[in-house]
Amino acid sequence: MDAPGWPALGNSERKTDRSAIGRGVAPGRPDGRLVLHALGLRKHFGGVQAVSGVDLAVAPGDLRAIIGPNGAGKTTLFNLLSGDLAHDSGQIYFAGEEVSGLRPHELCRRGMGRTFQITSIFRRLTALDNVRTALLSHHRRHYNVLIPARRFYRDEAFGLLERVGLREQADKPSGILAHGDQRRLEMAIALASAPRLLLLDEPTAGMAPRERHEIVELVAAIARDTGLAVVFTEHDMDVVFAVAARITVLHQGAVIAEGPPAEVRADPEVQRVYLGQPATRPR
């Protein structure tokens, strides 16, 4: 029987759990089979422990949701993983190599992409030129001032826009695109760096319910088709349970539960903390 307050499980509950590699990881030891492995991450701001000893193991092809109440530490954890914020202690491994202390652009070069809660695009450029700019940077052609940029990567940029459903919007200034389309454009920009891991911080923020499901279904399709690992934060539980293969639950900076959607949904501590309900007692 479903726990009160949780949405019904979607197709993700019947999918193969591709993150099973991470289940047998010995505590405190990195596993080279994982695309991302964080061990004992901690971060405090003054007297507030924003992230408290978090372990996270993400396998290739995993579609992982990180959820928790406001202030649980989700965005801070993302900032630690992406190099936007230095952690106080712990280690971060990417594709078997320690990357603790690397800056965001260095991690991007290694194959870690990220989008943010607030839309981050060049609003005066067309959608096509936004993606082409990302491709120029990825291929290190942005330093060449002697050759016009428009000669490069047109087909590749069109292909990425088509992948996210924006080919018909290619020549429009990105600043006039609908919010949902700007989010799709961000996805194309992130994919231009050919990432092995994509971190999406609230990818559906500001979207209508229908758009939310469309964007996460797009993310799931990309992950399924390419083997890309995706870790995303999200407040909409309908979205989370519709697509996530595994869910990690944060509360007060610490992981209180992790596993397939059905296990997380039935976890008494998650029901108590996340939903504000008393724990369900077994009958």
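If you're wondering where the values come from, they're calculated on a predicted model, not measured in any experiment.

Draft legend 1. Focus on the nonpolar core. If you look at the biggest cluster of nonpolar residues, it comprises 49 residues, and the most contacted ones within it are Leu161, Val230, Phe232, Val240 and Ile247. Considering each element in turn, this core owes the most residues, seven residues, to helix H6 (residues 209-226). The contact partners of Val240, leaving out residues within four places of it in the chain, are Ala65, Ile67, Phe232, Glu234 and Ile247. Core analysis: the next-biggest nonpolar cluster, separate from the first, contains 24 residues, Leu56, Phe78, Leu81 and Leu199 among them.

Draft legend 2. Here's a closer look at the sheet that holds strand S1 (residues 36-45). Spatial strand order, S2-S1-S4-S5: four strands in an open sheet with antiparallel pairing. Edge positions in the open sheet fall to strand S2 (48-58) and strand S5 (97-98), since each of these has one partner strand only. Across two bridges, strand S4 (residues 89-94) lies against S5 in antiparallel orientation. If you follow Tyr93 over to S5, its bridge partner there is Glu98. Along the sheet, helix H1 (residues 74-81) makes contact with S1, S2 and S4, crossing S1 at roughly 120°.

Draft legend 3. Structural view of the sheet that holds strand S10 (residues 254-259). Across the sheet, six strands lie side by side as S6-S7-S8-S3-S9-S10; this open sheet has mixed pairing. On the outer flanks of this sheet lie strand S6 (112-115) and S10, each paired with one strand and no other. The average undirected angle you get between the axes of adjacent strands in this sheet is 15°. The pairing of strand S9 (residues 246-251) with S10 spans five bridges and is classified as antiparallel. Directly across from His251, in S10, lies its bridge partner Ala254. Set on the sheet, H1 makes contact with strand S3 (63-67), S6, strand S7 (197-201), strand S8 (229-233) and S9; between it and S7 the angle comes to about 150°. Taken strand by strand, helix H5 (residues 179-191) contacts S6 and S7, and its axis lies near 155° from that of S7.

Draft legend 4. Inspection of helix H4 (residues 154-163) at higher detail. Looking at H4, one finds that the buried residues are Ala157, Phe158, Leu160 and Leu161. One face of H4 carries all of its buried residues, which in axial projection span an arc of 160°. Turned more than 90 degrees off the buried face of H4, the exposed positions are Asp155 and Glu162. Where H4 is buried, its residues meet helix H3 (127-138) and H5. Looking one or two residues past H4, Gly165 carries a phi angle of roughly 80°, positive in sign.

Draft legend 5. Structural view of the pairing of S3. Counting buried residues in S3 gives five out of five residues, a clear majority hidden from the surface. Neither face of S3 is exposed, since Leu63, Ala65 and Ile67 on one face and Arg64 and Ile66 on the opposite face are all buried. Relative to S8, S3 runs parallel, the two sharing four bridges. Following the sheet pairing, Ala65 is matched in S8 by Phe232.

Scoring rules and cut-offs
Residues numbered from 1 in each chain as written. Predicted model: local features only at pLDDT ≥ 70, side-chain atom pairs only at ≥ 80, totals over all residues. Heavy atoms only, no water. Core = buried A, V, L, I, M, F, W, Y, C linked by side-chain atoms within 4.5 Å. Buried < 20%, exposed > 50% of the residue type's maximum accessible area, 1.4 Å probe, protein only. Helix = DSSP H or I, 4+ residues; strand = E, 2+ residues; numbered from the N terminus. Contact = heavy atoms within 4.5 Å. Pairing = 2+ DSSP bridges. Axes fitted to C-alpha atoms, helices over the stretch in contact; angles between N-to-C directions. Arc of directions from axis to C-beta.

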